[in-house]
Each structure stands twice: as structure tokens, then as C-alpha cells.
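Listed below are the residues making up each chain.
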Amino acid sequence: MSGKAKEDAQRSYYFILGYLWDYFGRIWHGYELHGVENLPDGPGLIIYYHATLPIDYIFFLARIFFLKNKLCCYTVVDHFVFKLPGLKMLGNNLKMITGSKEECLRALKSGYWVAISPGGTREAIFSDETYNILWGKRQGFAKVALEARVPIIPMFTENGREGYRTFGRIKLLKILYEYLRWPIIILYGGFPVKWRTHIGKPIPYDPNTTVDELVKKAQNGLQTLIEKNQKQPGCIRSGLLARFRNKKNE
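All values derive from a computational prediction rather than experimental measurement. Along each chain, residue indices are assigned from 1 in the same order as the chain's sequence is written. Predicted model: local features are reported for residues with pLDDT of at least 70 only, side-chain atom pairs are reported and counted for 80 or more only, and whole-chain, interface and lining totals are derived from all residues. With hydrogens and water stripped out, all remaining heavy atoms of the structure feed into the side-chain values.

## A few points about the overall build of the protein chain
Applicable threshold: Counting from the N terminus, the helices are DSSP H or I runs at least four residues long and the strands are E runs at least two residues long. What the globule rule says is 2.2 Å times the number of residues to the power 0.38, and the radius of gyration is computed from C-alpha atoms. Note on classification: 1.4 Å probe, protein chains only; a residue is buried when its accessible area is under 20% of the maximum for its type, exposed when over 50%, partly exposed between these limits. We call two residues contacting when some pair of their heavy atoms lies within 4.5 Å.
Each helix and strand counted, the protein chain has 10 helices and 9 strands in total. A compact globule built from 250 residues should have a C-alpha radius of gyration of about 18 Å, and the protein chain, at 18 Å, falls within 12% of that. Summarising its shape, the C-alpha atoms of the protein chain cover approximately 50 × 40 × 40 Å along the three principal directions. Among the 250 residues that make up the protein chain, the fraction classed as buried is 46%. Residue pairs at least 24 apart in sequence account for 81% of intrachain contacts in the protein chain once pairs closer than 6 positions are excluded.

Spelled out as C-alpha cells, the structure:
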């Protein structure tokens with residue numbers, strides 16, 4: 001297959017997949033995307049809060065594909081994703097990477113956005129309806145942003161934890177996760193709550209900022225988005241009622 005034919009086939013693949021996910025988001029969650037103007041024209045590092053199931057992030061990718069007419073974002077995922085049957089090929093097609101420094105820098109220097117949740121799977125499982133950020137001591141994303149000289153853009157999805165929930169406070173499950181590093185969880189939900197993804201103001205590159213300072217700035221930026229847009233503690237009932245109200249009325 002020629003390079004042009006391969007490119008056309010891949011674009012058709014993205015279009016069909018994106019259309020299906022975007023349609024699902026509109027129908028089931030009334031999905032909205034706000035703050036697109038805060039995304040840079042060039043490369044940037046998107047830092048987002050990890051919901052129980054990151055379906056909201058997939059909706060973001062689908063919407064961005066149609067707005068930009070291309071898949072312009074690499075996604076850092078946990079290593080276990082590539083160990084699941086059939087997901088390695090899908091991950092490669094959707095620009096998923098395991099998040100090594102070299103991979104992230106290569107994507108950024110090629111002009112792409114890179115999206116990462118510093119809290120990752122641990123935040124997905126063990127955060128709760130208070131939307132507490134669980135980054136631990138992770139600083140790799142800040143080191144990458146400074147070396148690539150790119151801005152950091154915080155992103156958060158309103159009611160992200162009300163659509164799907166997990167019994168993350170069970171001590172045995174936490175012990176198993178810390179030992180196996182696999183998300184062994186008891187999941188429930190699928191509630192059609194309102195989802196709005198909010199993209200915050202970018203944190204510009206500053207050569208005088210230290211890694212610790214940049215981590216703090218990114219965390220504060222994400223926390224600000226959460227406090228501004230999320231009722232706390234989160235409530236499934238409120239999330240459902242939000243389907244019938246616009247943001248201004250709320």
C-alpha cells in the first residue's frame with residue numbers, strides 16, 4: 001500500500017471511530033468541550049484529572065479530531081494497557097505511548113500535544129467524589145515540559161466520577177494494586193450524567209521555574225478547574241439533573 005493510500009485509510013479509521021465515540025458522548029452524557037481556545041497552536045503538555053474510567057478523555061480526543069481534522073495528541077497510558085489482548089495495535093493507531101521521556105520529547109518536538117494524567121490508575125481507583133488529586137511524588141511531566149520548552153495545559157471533566165464509580169476504599173483492593181500494579185477493581189455505574197470537559201489557561205514555559213515549582217503550578221491549575229466547575233462532593237443525582245440545565249443557570 002502506498003503512503004498516500006495508507007494515510008487515507010488511517011484517516012477513514014479515525015473518522016469512523018471518532019464519529020462513533022462523539023455520537024455516544026453527545027447522546028449518553030450530553031458531552032461538551034469548553035476552553036478549546038486555551039490549547040496552543042504548537043506543542044503542549046495536557047495534564048488531566050483521571051476519572052474512574054477515562055471515557056471522558058476519549059470523548060475529548062474524538063471532538064478534537066473533528067475540530068482540528070487530525071489526531072494531534074499523543075496519550076500517555078499505563079504499561080498494562082499494552083498487555084491487554086488487541087489493545088497494542090489499537091494503541092499504536094491512536095498514538096498511545098507508555099510515557100518514557102524519550103517518547104514524550106519526540107512527540108512534542110514533532111509539534112504534537114502530549115496528554116498525561118500524573119495521578120494515573122492510582123487516581124482513577126482511589127480518588128473519590130471529593131475529586132482529590134493523587135499525584136504522589138510524580139514530577140516526570142514537569143521535567144519533560146521544561147526540557148521541551150512547552151506550556152502545560154490543565155484539563156478536567158465535570159462529573160467525571162459520577163458516571164462510573166469504584167469501591168476504591170476497600171483495603172484489600174489497594175494492597176493488591178500496590179503489589180500487582182493491575183487495576184483490580186469493583187466497578188459500577190454507567191449513569192448518563194452531564195459531562196463537560198474544561199480546558200484551563202496554559203501555564204507558559206519559564207526557564208527560571210524549577211521542577212518543584214512547575215509541579216505545584218500544574219497542580220494548582222488543575223485544582224482551580226475542579227473547584228470552579230465541580231460540585232463537591234460529587235453527586236450522581238446532581239449530575240443527572242445537569243442534563244436539563246445549561247451552565248449559566250447552574
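Next, the rest of the story.
## Describing the UniProt feature "transmembrane region" (unreviewed entry) in the protein chain
Just so we agree on the cut-off: UniProt positions are given in the numbering used here, feature names are shortened, and annotations may be inferred rather than shown by experiment.
UniProt's feature table lists "transmembrane region" (unreviewed entry) at residues 12-31 and 46-66, given in the numbering used throughout. As a span, residues 12-31 carries 90% helix and 0% strand, and end to end its C-alpha atoms are 23 Å apart. Across residues 46-66, helical content stands at 57% and strand content at 14%; the span's end C-alpha atoms are separated by 18 Å.

## Looking at the sheet that holds strand E6 (residues 152-158)
This is how the line gets drawn: DSSP bridges decide pairing: two strands pair if at least two such bridges lie between them. Here an angle of 0 to 180 degrees is reported between the N-to-C directions of two axes, which are lines fitted to C-alpha atoms, with helices fitted over the stretch in contact.
The strand order E1-E9-E6-E2-E5-E3-E4 describes an open sheet built from 7 strands, whose pairing is mixed. Because the sheet does not close on itself, it has two edges, and the strands there are strand E1 (32-34) and strand E4 (96-97). On the sheet, helix H4 (residues 101-109) packs against strand E2 (44-48), strand E3 (73-76), E4 and strand E5 (113-116) and is oriented at approximately 145° with respect to E5. In the packing of helix H9 (residues 211-229) onto the sheet, the strands contacted are E2, E6 and strand E9 (196-199), and the crossing angle to E6 comes to about 30°.

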